Structures are given as C-alpha cells and as structure tokens.
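Listed here are the chains, written in short residue letters.
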Amino acid sequence: MKRLFSNLYLGLLVLCWSSALQALDLDDQLRLVIQAYGLEPALCEVDARVVKHGNPELGRLLFKSPVLSGDYDTSCGSCHQDQVALADGLPLAVGVGGAGKGNERLASDGVVVPRNAFTLFGRASAGFNTFFWDGKVMEIQGKIYSPLGEGFAQGFRSPLAVAAVLPILARDEFLGRQGMLNGNSHLERINSAYYADKVAAANQVLQEIIRNPEDPVVRELRALLAARGQTPDDFDLTMVGNALASFIAQKTAECPQTRWERYIEGDPSALTKTEKQGAVIFFGKGRCAGCHSGNRFSDLQFHSIGVPQGDLGPHMHGQDLGRADVTYQTEDRYRFRTPPLWLVSKTAPYGHNGRFETLDDVVRFHLNPIPFFVAHKWTSQRESLTYGKVLASRSFRLGFIDITSEDELTALIAFLKTL
Ligand code: HEC
Ligand code: HEC
C-alpha cells in the first residue's frame, strides 16, 4: 500500500514536473522568437504624422455620416462597423444602394464591391505603408504612390490619408449607381475624370456640399471648421483625407490589447499551453511568419496562395488579378498583399474575396487546396476550367509548410485567435 502511494506520488510528481518543464520550454522558445524578430506591440501604436495634421472631430463626422456619398446612402461606417472590429462581416462589401448592417446589407439592393473589407485597427501605426489588397496606395522613400498621383505633393500627410479618400472617389463605394440616363452629379463628374483630375473634380463637388446650408450635417461640418479658424473654402479632398486618417488614428483609443501582445510584453499567463504550441508552429515549421511577418503579421508584400477567383472580381470575366492590376506585370497576377492577422478571429470571412468562411478553411487551403474544392465545388464551369492559371501562381514558399497532424493545426488556429 505504502509502495503504491509512493509510486503514485512519484508518478504525479514526474507528471507535474515534466509538464512544468514543457511549459517552461515553450515560453523559452517563444522568448527566443520574440527576441530574434524584435517583436513588440504595435496594433494600438499611432504614427505621429497622422495625428498631428488632421482634425479628428471632422473625420468622425465624415466617417459616420453619408454626407459625402452621391446618393446620400453610404458612409465609411456602412462597411467599417464598430461591432465587427471596423470590418463588415461580409464576404464582399456592399456599397451604394445598400442598407442596414451585416447580412442585412447582402439582402439589400446595394452594389457589390468585389473585395473583402479590412479592419482599420492598426492602419494608423508607423510603418504601415501599403494599403489595399493590391497595394494601390504605397509609401516608398518619402513618396506616396497612388491612383491620384503623388500624395504628399497634393497635401496628404500620410498614405493612410490617401487610402481614406479613395472610397469617396469610387463609383460603387460612394459615388452612386450608374444608370443609362440618370446618374447623380458627383458620379458624372468624378467618375469620368482621370487620375489626378479626379482630385480637382472631387474638390468642386466638396465645395458644393459644404455650401448647402439646408443640410444639418453640413452645419455641423461648418461649425467644426470655424472652431479651427477655417472657412468653407478650405474644405477640400486633402483636408477630408487628413481628417479621416486622424479619426482612424483616434479610434485606436478603443483598440483592444490582444492576448498575444500582452504575452510579448511579458505576461506568460496571457496564452494557454495550446496557444503557445500554436505560436511555436506559426514561427517554426508552419513557416507562416515567412509572409505573415513582424509586429503586424504581414511583410506588406504580394503573394499568391491560389485563392479561387469566383465570378465577382473587379476585372473582366469577374476575375481579380490583384497586384497585376497595379503593376501590369504578368508575374504579379493573383498576388495580393499578405493580410495582417491582427484581430483576425473577428474579421471572418477570409481571403481577398471572402471565399473562406472560417479560419480553419483558409489555413487548410494554404497547406492543400484540393480538399476545399472537394467540399465546396466550383462556383462555375468557367472557374473549374481556368483554376489551373491561379494554381500555377501559388507561392513556392507554401511548399515549405510542414504541418502534419490535426493537433498541430488545432493549436495553430488557437494561436491565431489570440492575435
Ligand atoms: C462599400 C463598402 C466600403 C465603404 C463605404 C468604405 N470602405 Fe473602406 N474598404 C472596403 C473594402 C472592400 C476594402 C478593401 C478594398 C481593397 O483592398 O481593394 C476597404 C479598405 C479600406 C482601407 C485600406 C485598409 C488596408 O488594410 O489597406 C482603408 C484605409 C479604408 N477602407 C478606409 C475607408 C474610409 C475612410 C471610408 C470612407 C471614406 C471607407 N473605407 C469606405 C469597403 C468599404
Ligand atoms: C507565401 C506567403 C504566405 C505564407 C507562407 C502564409 N500565408 Fe497566409 N496568406 C497569404 C496571402 C497572400 C493571403 C491572402 C490571399 C488572398 O486572399 O488572395 C493569406 C491569407 C491568410 C489568412 C486570411 C486572412 C484574412 O484576413 O483574410 C490567414 C488566417 C492566414 N493567411 C494564415 C496563415 C497561416 C496560419 C500560415 C502558416 C501555416 C500562413 N498564412 C502562411 C500569404 C501567406
């Protein structure tokens, strides 16, 4: 009896000890990762340029009110909603003509904007210099490249400020529905102007908006300008962009501290053992950090994981060529900016076209795309016949992912939920 007890005791001791050792081991491994990559919290960090030059109260009003949209029916907040981490919870966004929130928008009569919306948390942080799935706004060596021309020279104070005004100039996101005979006056003037000319056209439209004294939102806007010693004459696209950017920066005050960031700040109890195992896989044999690298879990570069195209993309035949739409380089076809993984568990569905409903679906697709098609089939005959082109674009880096058990995958997904 005594022997049994002492054996049990010893067994228990060994058990506790070995799991303690293992836990210690995981923390040690992760400490090394954190040091090697110089990881630090960045989700709630803010670029000083964005804050210094904008009027966040003006930005808040413009963000929440439909005053800038051609048919007075869309605001930034229609697609970047507070309750879904400033995304919209939809596979593809629903723009002008849409109504309501979340799935209500899908059922409404709105125009589909053929990409999956991002959260805006973290976008005001320093070094976040590449915007949109295709990187059409990018800061490189002191210049902001964008479809509007160079941004700093025009008076935008950050790449975020340029990114923030592009939706206002887009037909489906803001300007309004194009009819055969009727379109509204914003649509006609801005949509038909090219590149930098769009800025002048938009400035004209903004001047008309701010001079409409009937509108109560306009009265509020004018009061906010007056409070800073500005007049309606000053109300132009760069002011709007800088204001929206500073509001997005201010939103950061509501930014949640994630468990992963608490962990890297030195709280080992912020993650469970499984989540820590997932982190070791993410940075190790999973090779995820090869692309989802650094504090923001993105190299801000462009890669293809071979996401099926569907039939609703912005390009001909409903395709979305991704980065190639900006560079016109064949090798950039189907490449998209590595999405940052901050708050990723809150921003389903996934992929540039929202094709994946769950984290599990999209992560498995990186490892092996075949089971996805077995389960979900093709959206059309066209997709089944053309998918080979997309498949050929898949990054060779995906070939180094070495996840070999369901337990590893479970741990990896658990880790993603802490970001
Ligand atoms: C119709 C829905 C819709 C509306 C309205 C909308 N957005 Fe977006 N937003 C999106 C989608 C979809 C994307 C991704 C588009 C892409 O990358 O091509 C996006 C991307 C962005 C990005 C880039 C984020 C990143 O990680 O690169 C910023 C910044 C942004 N929106 C700000 C705004 C602001 C500011 C407004 C209001 C002026 C606005 N959006 C209005 C749907 C919308
Ligand atoms: C070759 C670079 C690369 C590697 C390696 C990589 N990813 Fe990705 N990942 C991407 C790109 C690019 C996308 C977006 C593709 C698209 O939508 O067309 C993406 C999308 C995702 C998404 C969806 C995010 C969203 O907001 O839609 C998740 C989650 C994700 N990856 C997790 C992982 C995990 C976990 C690993 C490791 C097993 C990994 N990735 C390895 C490049 C990579």
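How each quantity is defined
Residues numbered from 1 in each chain as written. Chains lettered and ligands numbered in written order. Predicted model: local features only at pLDDT ≥ 70, side-chain atom pairs only at ≥ 80, totals over all residues. Heavy atoms only, no water. Salt bridge = Lys/Arg side-chain N within 4 Å of Asp/Glu carboxyl O. Buried < 20%, exposed > 50% of the residue type's maximum accessible area, 1.4 Å probe, protein only. Phe/Tyr/Trp six-rings, centres within 6.5 Å; stacked < 30°, edge-to-face > 60°. Helix = DSSP H or I, 4+ residues; strand = E, 2+ residues; numbered from the N terminus. Lys NZ or Arg CZ within 6 Å of the ring centre and 35° of its normal. Donors = N, O, S within 2.8 Å, 3.2 Å for Na, K, Ca; no water. Tetrahedral: all angles 85-135°; square planar, octahedral: opposite > 155°, others 65-115°. Near = heavy atom within 4 Å. Polar contact = N/O pair within 3.5 Å; in protein donor to acceptor, adjacent residues only side chain to side chain. Nonpolar A, V, L, I, M, F, W, Y, C, P; charged D, E, K, R; others polar. Pairing = 2+ DSSP bridges. Contact = heavy atoms within 4.5 Å.

Across all of its chains, the model carries 17 salt bridges by this definition. Across the salt bridge formed by Arg49 and Asp47, the nearest N and O atoms sit 3.0 Å from each other. Classification of Arg49 as partly exposed rests on a relative accessible area of 29%. Look at Asp47 and you get buried, because its relative accessible area is 11%. The network of salt bridges with shared partners includes Lys64, Asp82, Lys251 and Glu254.

One pass over the structure, following the stated rule, counts 21 aromatic pairs. With a centroid separation of 6.4 Å and 80° between ring planes, the pair formed by Trp133 and Phe336 is classed as edge-to-face. You can see Trp133 sitting in the loop between strand S3 (130-131) and strand S4 (137-140) and its partner Phe336 sitting in strand S7 (residues 336-337), a full 203 residues away along the chain. An identical accessibility class is assigned to Trp133 and Phe336; each is buried. Ring pairing ties together the aromatic residues Tyr37, Trp260, Tyr263, Phe282, Phe283, Phe297 and Phe415, which thus form one cluster. Taking NZ or CZ as reference, Arg323 lies 4.2 Å from the ring centre of Phe302, over its face. The ring of Phe118 has Arg337 sitting right over it, with the charged end atom 4.6 Å from the ring centre.

Let us look at the coordination of the iron atom of ligand 2. Binding of the iron atom of ligand 2 to the protein goes through His292 (NE2) and His366 (NE2), at separations of 2.0 to 2.1 Å. In this structure, the iron atom of ligand 2 is surrounded by six donor atoms whose angles at the metal cover 87 to 180°, and the resulting shape is octahedral. Placement of the pair is His292 in the loop between helix H14 (273-283) and strand S6 (302-303) and His366 in helix H16 (residues 359-367), with a sequence separation of 74 residues. Across the pair, exposure class does not vary: His292 and His366 are buried alike.

Around ligand 1 lies a shell of 28 residues, among which Cys76, Cys79, His80, Phe132 and Trp133 are the nearest. At 2.9 Å from a nitrogen atom of ligand 1 is found a side-chain nitrogen or oxygen belonging to His80. Contact between ligand 1 and Phe132: an oxygen atom at 2.7 Å from a main-chain N or O atom of the residue. Put simply, the parts of the chain that give the shell around ligand 1 at least two residues each are helix H4 (76-79), strand S1 (93-94), helix H7 (159-165) and helix H8 (171-175).

Within the protein, just one atom coordinates the iron atom of ligand 1: His80 (NE2), at a distance of 2.1 Å. When you line up the elements, His80 lands in the loop between H4 and S1.

Attention now moves to the site of ligand 2. Contacts to ligand 2 come from 23 residues, most closely from Cys288, Cys291, His292, His352 and His366. His352 has a polar backbone atom sitting 2.6 Å from an oxygen atom of ligand 2. In this structure, His366 approaches ligand 2 through a side-chain N or O atom, which is 2.8 Å from a nitrogen atom. By residue number, the principal contributor to the shell around ligand 2 is H16, which donates four residues. Tallied by class, residues from the shell around ligand 2 come to 14 nonpolar, seven polar and two charged.

If you trace the three strands from one edge of the open sheet to the other, you get S3-S4-S5, paired in antiparallel fashion. One side of each edge strand has no neighbouring strand; the edge strands of this open sheet are S3 and strand S5 (143-145). As defined by bridge partners, S3 adjoins S4 across two bridges and the pair is classed as antiparallel. In the sheet register, Thr130 faces S4, and the bridge partner there is Met138.

Tracing the sequence through the fold places Ser146 in the loop between S5 and helix H6 (151-154). If we ignore the near neighbours within four places in the chain, the residues touching Ser146 are Lys136, Val137 and Val162.

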